[in-house]
Structures are given as C-alpha cells and as structure tokens.
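Given next are the chains, with one letter for each unit.
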Amino acid sequence: MLNIVPISLEQGLAYALAAIGIALAFRILSFPDLTVDGSFPLGGAVAARLIFEGANPVLASLAAIVAGFLAGCLTGFFATKFKINSLLSGILMMTMLYSINLRVMGRANIPLITTPTIFTPMENMEISRDIPVIAFFFLVVLLCKIGIDLFLHTEYGLAVRATGDNEQMIRSLGVNTDAATIFGLGLSNAFVALSGALIAQDQGFSDVGMGIGLIVAGLASIIIGEALIKPKTVFRLTLAVVVGSIVYRLIIAFGMRIGLAPTDLKLATGVMVVIALAVPALRSAKEKKMKLRGV
Amino acid sequence: MASPMLELKNIVKVFNADTEDEKRAMDSINLTIEKGEFVTVIGSNGAGKSTLLNIIAGTLQPDEGSVTINNKDVTRIPDYKRASLLARVFQNTTMGTAGEMSIEENLCMAELRGKKRGLKWGVTKNRRSRYREILKTLELGLEDRLTQSVGLLSGGQRQSLTLLMATLIMPEMLLLDEHTAALDPKTAAKVIELTNTVVQENQLTTLMITHNMQQAIHYGNRMIMLHQGKIQLDIKGEEKAKLTVNDVVAKFSHTLKDEALLSN
Ligand SMILES: Nc1ncnc2c1ncn2[C@@H]1O[C@H](COP(=O)(O)OP(=O)(O)O)[C@@H](O)[C@H]1O
Ligand SMILES: [Mg+2]
C-alpha cells in the first residue's frame, strides 16, 4: 500500500501546477475557463515537438509556457472583446487547440523515451529516480506557488483579484478589467501548459488526448484542498490547491489499488466533484456557491 | 470666471430604442456644475437619476450630447479612464468594495485610483500605518481589522469604508447614488454626516442622489429635481438655503406622486 505514496506525490505535484492555474481562473478571476483541457496538451505538444527536433528541454518547456499564455489570452480576448460567454470562449479555444496541437506535433503522439528531457540527468543518478524527480517537482511547485502568491499581492495583482471579486468597483478605480482578465487567463494557462510540458517529459510521451478531463481533476483537487485548508488568504488558497492535488492523486491511486479500472477514473472524479458542489447547495441555498462571471 | 467642473450638453439617452419598451431616460439634459458645488438630486423612481450619474461616470454612453469634466471632453472616454477624475459610492453596500479582499487591500486599490499599477508590492508597511491612522477617524474600530476581509463588515461599516476610499485620493468630483438608502436610519444619519464633513472640508464638487427630500434640502448648496429624464427644478444659493419641504411639495406635488420621496 505504501508504494502508492511516491507515485501519488510525483503526480500530485506535477498536476498541482495545472491546479494552481485552474484555481487562478476559477477562484481568483471567477472565470470558468475550459481552455485548460486544450492548453495542457498544448504545453506537452510544444515541448515534445521542440525536444524531438533537438531543442534544449529547458527552452522547450519555456516555449510551452509562452504557448499556454497566448492560448489563455485568446480565450480572455474572446470573452471580453467579443463578449462571448466565458464558458463558450473556453470551449471554442479548447476545440481549436485540438487541431493546433495535432499540427504542432505533426501526429497524435510523440514518444520521448530515447530523447534527452529535463529528467534525463536525474535518471542517470545513483539513487532511485523517484527521489530527484519528486524533489524537482517540489521545487518547481514551490517556486510557482510563491511566485503567484507574491504577484497577487502586487499593485497589479490586487487589481487582477478585484477583477474577479468586484469588476465594476475596480473599473471605477481605473483598471482596464478586460486587460486584467486577459492577462490573468494567460497566466493561468501558462501554468497549465508548464504542467503539460513537464508531465509529457516525465511520462516519456506527449499525446493529443492527455488533457481530457483535466479541468474536472483540477476542480476535484481544489475542492479537496479547500476542505482541508480553509482558503482565507491567497497564500492558503495556493497551499490548499497543492495539498489537494496530492491528496486527490492518493485517492485515485488507492482507488486503483482496490480494483477501480483506470477507465473509470473520470467517472469517479466527476462524481466526487458533483457531490462536493451539491453538498452546500443541499445544506442551504444561502451558503456560498462558486462565484462565476459571464455564465 | 473659472471654468465649470462639469458640463453636460444636450444629453439624450434612450433605452430599448425602436421597441415597445422604448424609454427616453435622458431627454436633452443640460447641466453645468461649478467647482465646489454640492448638488443634491431628487426625483421619483425611474426619473433618470442613476442614468445621469452613469453617463457622467462613463458606465453608460449618451446617444447624443457631450460630457465635459474640468474642461476635458470625456464623452467617448471609457469609465475606467475617468477614474482619476471621479469617485462613486452606490446604494448597494457591496458594490464599492471587493468583499473577498482585506480592508487594507481595498484601501490600497483606492489609493491607486487612476494611477498606473505595476509589480510593486501593494500594501507596504508605510501604507498600512497610514491606513490605520485614517481608519481611526471613522471611529468604527476598523483600524484593528486591517487584514480582515471586507465581506465580514456590516453594511454601514462597508459604506463608511467606501466613502473613505472614494476620498482617500481626492477626486475632481464625487458621485453618490442613494448611498445611505440601504442602511438603517441611525447608520444612515452617521454616513450622511460623514459625507457632509468630507465634502465641506475638501470643498469637493459633489452630486448626491437621495430619495430623502429632507436630506436633499438640508445638505448641499444646490438642488435639482429630475422628472421623466428632464431637469424640472434647479434651486441654488439663497433660495436653496431657505427652501423647505413644503415649498417643494407645493410647487411640484403633481410630479411627486412617489410616496417614498415625501416620507422623511
Ligand atoms: N440598462 C437599462 N436598460 C433599459 N432601461 C433602463 C436601463 N437603465 C435604466 N433604464 C430605465 O431608464 C429609466 C431611468 O432609470 P434610472 O436612471 O435608474 O432611474 P432612477 O431615477 O430611479 O435612478 C427607468 O425607466 C429605467 O427603467
Ligand atoms: Mg437609481
């Protein structure tokens, strides 16, 4: 049973990057962004193709971040400038990204087994691969968490948060909330794409279908984390998301251990999220529901 | 003579044009407000009071006419670019603050009204101690709750904070839309007194919508009444100072069918 811990830790941390991005959109910006299911494989596609073509894995991962940022900005652009409903903007972007990802990769799947990736140096160490890989993900997640915490306390970061909290108010204080939304979604999807790029390299391939259901898994992580750590501050919110992501992967690994088929995971995750969202609604209509703009 | 603070020229605003619900909410409004004037605005429900403020603030664009603030034609300038000129407080006590953010973060955002916001740290030590001092003037104990989220405050506390935020950096003009209407009478009286003090001390050009006729008569040095998108009454100076509720009722009882307006 204990051997589910290292793999859950590794996956939990790797997907925590995506969950931070999802929380940024859903919780901070109050924007239900579905781009994520497309920007995650976009990150994987960009990184895999570049590495496959002989690029430095670090630069390839940075390129993935940029690609994710642009995808998120476009979704924000659709929603704010064309006034397309926020859910639909994300769905449109996600759908278009499917074609784009296939174009980027040139096929549906790029294997990275024989090419050196960001993880290759860790595999050549004397110790078990798990230890340096988990340490690496821990470090990346820590940097991203602290980075986003700091940003959200800067002058512009406050404006981004207020855009999700009370758009009219922060507009009247002189903030272009369209720009803040576009930038915020860009940032969100940059995290998601980085997650995709690293996970593709970690698992040794990039696949066009690797983002399916990511949004639901991310929401499950957020909900679990928030149940464990009350997200009263930004610092606690991002901490909750990271912890939630790890606990979610533990639950999934445990479920598989007791006989859940991998193909049932999305159903199980979906049911988990539905229950979590239903409980407050059933308990009392007054309790705080997810606050979302433009739905 | 000095140039006026606000000039509205021939403002027309039609909602739902060319439909059954067509509504001329602003019907050729002309209004000039001098620097330092404190104008109260009355009128029955649907008279166009909020629309007037929305057009000044840029939340709504007029169909015709021009808006000039402090000699600057702002008719086509979006609301967020007028922020350095204007501050607003609304009836709904949750509208003027970000409820999930802390008191000090809200104050910091207000301090940056109309300024460039970069990647500098928001609530610095310096700012925090200044906010603590400023909050003491409200005498609501908020100075000890700087890091609490604003959503935990009562309506009156929240509205007082909003007013403080509106005047943390003095705007050219203060726009108040029934900002005490959602409060209980005692709290409303406090907030209106606070408003009056701030406006007087800073000689702030102010437009205050109120549903309370006595407030409209008691405060300010000019009163206008809107009716069906037109300015029906405009009283200033001596005449305003001597005005009584009965005067207004006598003159305009026929347009003042709205009970709420006549009750105190
Ligand atoms: N966004 C809108 N769409 C359609 N009609 C509106 C809108 N805003 C205001 N109106 C109408 O314009 C008129 C004036 O409204 P308003 O300025 O809110 O009145 P009040 O004096 O009560 O503040 C009302 O008849 C109102 O129904
Ligand atoms: Mg109104």
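Here, the structure is the one placed above.
Residues numbered from 1 in each chain as written. Chains lettered and ligands numbered in written order. Predicted model: local features only at pLDDT ≥ 70, side-chain atom pairs only at ≥ 80, totals over all residues. Heavy atoms only, no water.

Participant: What is the right way to look at the overall build of chain A in this model?
Facilitator: Check the secondary structure of chain A and you find 12 helices and 2 strands. C-alpha atoms of chain A, sized along the principal axes, occupy 55 × 40 × 35 Å. Nonlocal contacts in chain A, meaning residues at least 24 apart in sequence, comprise 79% of its contacts between residues at least 6 apart. Roughly 12,700 Å² of accessible area belongs to chain A as shown, and the carbon and sulfur atoms make up 71% of that amount. (Helix = DSSP H or I, 4+ residues; strand = E, 2+ residues; numbered from the N terminus. Contact = heavy atoms within 4.5 Å. Areas by Shrake-Rupley, 256 points an atom, 1.4 Å probe, with all protein chains shown as cover.)

Participant: Where do I start with the site of ligand 1 in this structure?
Facilitator: Residues and elements named next belong to chain B. Surrounding ligand 1, one finds Phe15, Asn16, Lys23, Ala25, Ser44, Asn45, Gly46, Ala47, Gly48, Lys49, Ser50 and Thr51. Residue Gly46 places a main-chain N or O atom 2.8 Å away from an oxygen atom belonging to ligand 1. When isolated, ligand 1 has an accessible area of 550 Å², and the protein chains bury 62% of it. For the shell around ligand 1, the secondary-structure elements that each account for two or more residues are β2 (23–33) and α1 (49–57). (Near = heavy atom within 4 Å. Polar contact = N/O pair within 3.5 Å; in protein donor to acceptor, adjacent residues only side chain to side chain.)

Participant: What's the story with the interface of chain A and chain B in this structure? I'm lost.
Facilitator: In many analyses, interface size is given as the accessible surface area lost on bringing the parts together. Taken together, the contact between chain A and chain B spans 23 residues of the former and 33 residues of the latter. For the pair chain A and chain B, the summed buried area comes to about 2,400 Å², and 57% of that belongs to carbon and sulfur atoms. Between B:Arg127 and A:Glu155 there is a salt bridge, with its nearest N and O atoms 3.3 Å apart. Linking chain A with chain B are 15 residue pairs in polar contact (both at pLDDT 80 or more), by the criterion used here. Elements that contribute at least two residues to the side of chain A that touches chain B include exactly α6 (130–151), α7 (155–165) and α8 (167–172) of chain A. Per-element accounting of the side of chain A that touches chain B gives the leading share, 7 residues, to α7(A). Grouping the constituent residues of the side of chain A that touches chain B by class yields 10 nonpolar, 7 polar and 6 charged. (Buried area = accessible area lost by both parts, 1.4 Å probe. Salt bridge = Lys/Arg side-chain N within 4 Å of Asp/Glu carboxyl O. Nonpolar A, V, L, I, M, F, W, Y, C, P; charged D, E, K, R; others polar.)

Participant: Would you mind showing me how to read the packing of α6(A) against helix α11 (residues 234–257) of chain A here?
Facilitator: The angle between the axes and the distance between the axes are what describe a pair of packed helices. All names here are of chain A. Direction vectors running N to C along α6 and α11 enclose 155°, while the axes themselves pass 9 Å from each other. Compared by their axis directions, α6 and α11 come out roughly antiparallel. For the element pair α6 and α11, the recorded crossing hand is right-handed. Contact residues: α6 offers Val141, Lys145, Ile148 and Asp149, while α11 offers Val234, Phe235, Thr238, Leu239 and Val242. (Axes fitted to C-alpha atoms, helices over the stretch in contact; angles between N-to-C directions. Parallel < 35°, antiparallel > 145°, perpendicular 65-115°, else oblique. Left-handed = near helix turned anticlockwise from the far one by under 90°.)

Participant: I would appreciate a short explanation of the pairing of strand β4 (residues 64–69) of chain B in the present structure.
Facilitator: Side-chain direction in a regular strand flips from residue to residue, so the side chains alternate between the two faces of the sheet. Residues and elements named next belong to chain B. Note that strand β1 (residues 6–15) and β4 share 5 bridges and pair antiparallel. Its bridge partner lying in β4, Val12 is registered against Glu64. Note: β4 against strand β5 (residues 72–73), 2 bridges, orientation antiparallel. Bridging from a neighbouring strand, Thr68 pairs with Asp73 of β5. Joining the antiparallel neighbours β4 and β5 is a turn of 2 residues, in which Asn70 adopts a positive phi near 50°. (Pairing = 2+ DSSP bridges.)

Participant: How should I be thinking about empty space enclosed by the protein in this particular structure?
Facilitator: Where empty space is left in the structure can be found by rolling a water-sized probe over the atoms. Tallying each qualifying case throughout the model produces 5 cavities of 30 Å³ or more. Of the volumes computed, that of the largest cavity is approximately 100 Å³. Lining the largest cavity are 13 residues, with A:Ser172, A:Leu173, B:Arg88, B:Gly96 and B:Thr162 positioned closest to its centre. Sorting the residues of the lining of the largest cavity by element identifies α8 of chain A together with β6 (86–89) and α4 (155–166) of chain B as the ones contributing at least two each. The greatest single-element share of the lining of the largest cavity, amounting to 3 residues, is contributed by α4(B). Among the residues forming the lining of the largest cavity, the class breakdown is 8 nonpolar, 3 polar and 2 charged. When its volume is computed, the second largest cavity comes out at roughly 70 Å³. Forming the walls of the second largest cavity are A:Gln168, A:Ser172, B:Ala57, B:Thr59, B:Asp79, B:Arg82, B:Ala83, B:Leu86, B:Ala87 and B:Arg88. (1 Å grid on protein atoms, 1.4 Å probe; cavity = no way out; pocket = protein on both sides within 12 Å on 5 of 7 lines; lining within 4 Å. Points joined across faces, edges and corners; volume = space filled by probe spheres on them.)

Participant: Hey, could you run me through the nonpolar core in this one?
Facilitator: As a rule of thumb, nonpolar side chains are buried together in soluble globular proteins. Counting residues in each nonpolar core, the largest one holds 80 residues, and the members touching the most others are A:Ile148, A:Ile170, B:Ile103, B:Leu107, B:Met109, B:Leu135 and B:Leu161. No other element matches helix α1 (residues 4–28) of chain A, which puts 14 residues into this core. Other than its neighbours up to four places away in sequence, B:Leu161 contacts B:Thr97, B:Ile103, B:Leu107, B:Leu135, B:Leu138, B:Val150 and B:Leu153. Core analysis: the second largest hydrophobic core is formed by 28 residues, B:Ala47, B:Leu53, B:Ala57 and B:Leu86 among them. (Core = buried A, V, L, I, M, F, W, Y, C linked by side-chain atoms within 4.5 Å. Buried < 20%, exposed > 50% of the residue type's maximum accessible area, 1.4 Å probe, protein only.)

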